Amino acid sequence: MKAFNWLSVSAFALIHTGLVAQTPVLRDTLLTGYTRTALTPLYYGQGTDRLGGARMETLDSGVVLRITGLDTMSRLWRVRLSPTLSAFVPTDQITADTLTARQPGSARFINNWTVSGDSTRPFDYVAVRLPARLPYRSQIHNDPGQLIVDVFGATANTNWITQLASATEVKRVWFEQLADETVRINIDLKHRQPWGYAIYYQRNTLLIRVRRPPRRPRLRDLAIAVDAGHGGSNTGARGQQTGKLEKEMTLDVALRLQRLLERAGSQVLMTRAIDTLLGPTARILAMRRAQPNLLVSIHFNSAGNAGVRGVSTYYKHPGFRPLSQHILHELLQIRTNDGHPNEFGNIGHFNFFFNAPTDYPNVLVEGPFLSNPADEALITDRRFRHRMAKAIRRGIRKFLADSAR
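Residues numbered from 1 in each chain as written. Predicted model: local features only at pLDDT ≥ 70, side-chain atom pairs only at ≥ 80, totals over all residues. Heavy atoms only, no water.

Caption draft 1: Molecular detail of the environment of W195. Its location among the elements puts W195 in the loop between β16 (182-189) and β17 (197-202). Sequence separation of W195 and R212 is 17 residues, and the distance between their C-alpha atoms is 6.5 Å. (Helix = DSSP H or I, 4+ residues; strand = E, 2+ residues; numbered from the N terminus.)

Now the structure itself:
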């Protein structure tokens, strides 16, 4: 096949049949590729676990990437972001252009920028004009609130940044040439707690959409998404003593939380309210359309070691950690016959799919372990599940109060 004339036919067959060696084979090449979807994962490396590889960023569609190699075992393209940084992208997420091989070291210029606010929606925008859809990575921090975006394959040629008074959450925007072919965009926020952002392209303009905080951060003014983990044929874990399925327990807690939040005046968006199968992509896209103020995903834990027990919360983005901390604190206050639940911890940089979105603060709540007899007894007690829902609501309320300070 002409599209792969740089690769032997036998190697090509191995890639697409999965009959590859157990040792990664990285074949060097030089191609230009373009991301196919607006949910293209960019991985730090070739390593993986049951949740997938460690994700650097989720790229928009049409982003141009310099392909420098192919991992024939993992089916990952190696892409060059800068002279000192490479990353990996699944081959099925990239359209390879065999006619265009852009040489490394030919960075493109970033020109003028505009910072503005939306008069009808709760967003500020940073618009950066680029000559092409270049790759990027981002990070969000709280206390102080700051958003950092690195644009790769770029050289600063910016002599002005127009900042309009309509922007009410973006306090200051500035840049630095962090390294060759890497321009860092620094966005300082007015509030200590960020409420989310999105990065996407309109033609070749990179748009960074910053969400403003709620005018009144209280339950009755918010849209809160509640995700009951698993569902349908995806049953999740199973109780060792009772055989109860995780999907049933998560839905019960989610419905209880829904009622509690609605009584407080919240608009509640449920990813599922019945026993149905919804995949990760469908759930993420639904929430991208709905744009809730925050999201809570409810699961119960399980482990191969029956002695492991406790409750935990998980986050990926440092700026969203406070939500997970407040909810964990409240979960640990639940009264049980033995006192309080054990603590399994607050886990950061977690690779769960619903921790990946940056559009809104989000948290994965893992209840006790179905694989532990004492924890399973808690989970199957409807009184505990109700107390768990109430603890999550208290945690959200305390996060809101803290964010307003």
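Caption draft 2: Just the side chain of S324, in detail. Along the chain, S324 falls in helix α4 (residues 321-331). Under the relative-accessibility criterion, S324 is labelled buried at 0%. A polar contact is formed between the side chain of S324 and the side chain of N346, at a distance of 3.0 Å. Those residues in contact with S324, other than ones at most four positions away along the chain, are T313, Y314, Y315, N346 and V363. (Buried < 20%, exposed > 50% of the residue type's maximum accessible area, 1.4 Å probe, protein only. Polar contact = N/O pair within 3.5 Å; in protein donor to acceptor, adjacent residues only side chain to side chain. Contact = heavy atoms within 4.5 Å.)

Caption draft 3: Quick look at the sheet that holds strand β20 (residues 267-270). The sheet built from six strands is open, its strands ordered β20-β19-β21-β24-β22-β23 with mixed pairing. Of all the strands in the sheet, the pair left with one neighbour each is β20 and β23 (343-347). Across the sheet, the mean angle separating the axes of adjacent strands is 20° when strand polarity is ignored. Here helix α2 (residues 246-263) sits on the sheet and contacts β19 (223-228), β20 and β21 (294-301); the angle it forms with β21, its principal contact strand, is near 145°. Packing against the sheet, helix α6 (residues 382-403) makes contact with β19, β21 and β24 (362-369), and its axis sits at approximately 145° to β21. (Pairing = 2+ DSSP bridges. Axes fitted to C-alpha atoms, helices over the stretch in contact; angles between N-to-C directions.)

Caption draft 4: Molecular detail of the pairing of strand β3 (residues 55-59). With four of its five residues buried, β3 lies for the most part within the structure. As judged from the four bridges shared by strand β2 (residues 40-43) and β3, these two strands associate in the antiparallel manner. What sits directly across from P41, in β3, is T58.

Caption draft 5: Region of interest: the packing of aromatic side chains. A full pass over the atoms with the stated rule returns eight aromatic pairs. Taking 4.7 Å as the distance between ring centres and 50° as the angle between the ring planes, the aromatic pair formed by F352 and F353 counts as tilted. The class for F352 is buried, based on a relative accessible area of 9%. Assessed through its relative accessible area of 24%, F353 is described here as partly exposed. (Phe/Tyr/Trp six-rings, centres within 6.5 Å; stacked < 30°, edge-to-face > 60°.)

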